[in-house]
Structure formats: C-alpha cells, structure tokens
Amino acid sequence: MIRTVSGESVSRFLSASFIDLMSHFCDTEIITPCEGEKCVLTEAEWNAVPEELIENTMSSAVPALEEAGGVPFIRKKIAQLIKIAKAENEIQLDLVSELILYLIGLNCISLSWEDADGQIHYPDETFDYPERQELLEELRLDPEEFEDEEEFDVQAANDDTEAAFDSFWSLMRINEEQGGYVFFDDDFTFLLDADDVAEGLHNLYKAVSDYDREWHARPWTDIGEEVPPVVAYELDAVEVEGINFGGVSEMRSEYAKAAMDKLYGKKD
C-alpha cells in the first residue's frame, strides 16, 4: 500500500482507488506487487503505462523531468506506484513518486473512460469500496468530544471527511485544499518550485537536514537505475559547498535557520 499520514485504513483506500483508476488506462494485471521500497520493474510492466496517461495528467511537468529520465522514467515511476499500491504492507514513497502521485491526483478529473456498455465514466464518481463505512467510522469525530468548542461544526467536518473518500480524485483534491490525509509533508513541492528535478533536489538537500544523500537518490535506486549525472552533479555541488562552509550539516542548519527567520521575522 501507499503509506499515508493518516494511517493504514486511509492507505488502503488510497491504494485501492488509485489501482482502480489506473486499471482503466493501464494493464494493471501485468504489474505485480512490490515487497519493499525497492521494486524490480520488468519492461512489460512499465510498458503497460501508456504515454497518453502522462500527457493527460502531467504533461506540464515532463520538461522538469527530462534530464532525470524523461517520459520513460515517468512511466516507470507510475508502474512503481501501482506495484506499491498493490503491496500488502505500507511503503513510504520517494520524493519523485510523491510528486507524480500528486500531479495525477490533481489532474485526473480530465480523464474519462468507456465501459463495455458504452457508458462514459469520470474519476469523480464514487469508487465502489467495500470498507468505506468502516473507514468513515474510524475517522468520524465524536460530537461529545467537542461540546466545549461552540464554533467548531463537528457535523460539517464529518461531512467533509465522507466527501473526501468518494474516489481517488476527491481524496487528493481534499489533500490539496485542506492539507488532507495523504502526504506527510510538502517536501516534493521543492521539485515544483525549481526549473527541473535536479535543481529541486539541490535546493532540498541544501535546506532540509532531515534526509541524507541516499534518500535523494531513491527515486532512481529504488527501481534499480543509476542516479542521472545531472542529479549527481547537483548533489555533489551541495556537498562541496558544505565542505567549504565547514560541514554539510552545519550549512544546512544555517540555511534552515535563515529560512525560518525570513518566514516568521527575525527576533532581536
């Protein structure tokens, strides 16, 4: 399953609804589950992801990924997402996989498919999920716990929760608008704010001290590929700058402090 911030029940819904949506555009049957973070991809598996799916959901992001592997790499990452979604255990996504899942989630409303009877369907239709009521019961707030908070509308909050779990698209839309149930943080937005993925990883490696170099290499190493030269160059550049600064950790701490000062205003 694709591991989410809100726990295993949400992970199951996200994964099941994602596989269901992808099944209308990919041969998901040929794609086998992952057993861990590192997924072995066969050529048949990533070829099961059509380029049209990329064009319809994330074409604007393709240039940013061009030197990092381009369309073949994106197809492999989508196949990896399906493999992870099919896994029994929860698996934390790498940064690029998070970005791709996010972009598909935002844009999949533009997709449609035709069933065997010629009926057209769209991603905002309610996904037939057998465990929905059980999931909603688990997430539903108890009004008695909020009796002293007169301005908080528990019923409205529960209605919003129920609406979020209609489909993959509705869950990802809620995630975009309200912080949602899916992502642990927004680190993948570094890749959106930069000119390309390599620059985004450079900026993240430089400013956020939570992750080491191996973590930044995961988008490629988890599918058995070499880190692209342009990405390795940017990561090398951060480490060289860190050495000149007096240490990578020290440099990252200083940049993080400066960013917080800028965000909240430096106190005297």
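Computed from a predicted structure; not experimentally measured.

It is not clear to me how the nonpolar core should be interpreted in this structure. Could you clarify?
One recurring pattern in soluble globular proteins: nonpolar side chains tend to sit buried together. In this structure, Phe18, Met22, Ile78, Leu101, Phe165 and Phe168 are the most contacted members of the largest nonpolar core, which totals 76 residues. When sequence neighbours within four positions are dropped, the list of residues in contact with Phe168 reads Leu14, Ser17, Phe18, Leu21, Leu101, Ile104, Gly105 and Cys108.

Would you mind showing me how to read the layout of surface pockets here?
The method is simple in principle: a probe with the dimensions of a water molecule rolls over the atoms, and the space it marks as empty is what remains. Quantified by volume, the largest pocket comes out at close to 180 Å³. Those elements giving two or more residues to the lining of the largest pocket turn out to be α1 (8–23) and α8 (168–178). When residues in the lining of the largest pocket are grouped by element, the largest group, three residues, is from α1. The class makeup of the residues in the lining of the largest pocket is seven nonpolar, five polar and two charged.

When you look at the state of the cysteines in this model, what are you seeing that I'm missing?
Two cysteines, two sulfur atoms, one covalent bond between them: this is a disulfide. Taken as a whole and judged by the stated rule, the model has one disulfide. The thiol of Cys108 is not disulfide-bonded; the next cysteine sulfur, from Cys26, is found 13 Å away.

Is there a simple way to explain empty space enclosed by the protein in this structure?
A full pass over the atoms with the stated rule returns two cavities of 30 Å³ or more. Size it by volume and the largest cavity reaches roughly 40 Å³. Along its surface, the largest cavity is lined by Ile2, Arg3, Leu14, Gln92, Leu93, Glu98, Val182, Phe183 and Phe184. Split by residue class, the lining of the largest cavity holds six nonpolar, one polar and two charged. Reported here for the second largest cavity is a volume of approximately 40 Å³. Lining the second largest cavity are Ala64, Glu67, Ala68, Asp196, Val197, Ala198, Val230 and Val231. Here the lining of the second largest cavity is composed, by residue class, of six nonpolar, no polar and two charged.

Thresholds applied
- Residues numbered from 1 in each chain as written.
- Predicted model: local features only at pLDDT ≥ 70, side-chain atom pairs only at ≥ 80, totals over all residues.
- Heavy atoms only, no water.
- Core = buried A, V, L, I, M, F, W, Y, C linked by side-chain atoms within 4.5 Å.
- Buried < 20%, exposed > 50% of the residue type's maximum accessible area, 1.4 Å probe, protein only.
- Contact = heavy atoms within 4.5 Å.
- 1 Å grid on protein atoms, 1.4 Å probe; cavity = no way out; pocket = protein on both sides within 12 Å on 5 of 7 lines; lining within 4 Å.
- Points joined across faces, edges and corners; volume = space filled by probe spheres on them.
- Helix = DSSP H or I, 4+ residues; strand = E, 2+ residues; numbered from the N terminus.
- Nonpolar A, V, L, I, M, F, W, Y, C, P; charged D, E, K, R; others polar.
- Disulfide = S-S within 2.5 Å.

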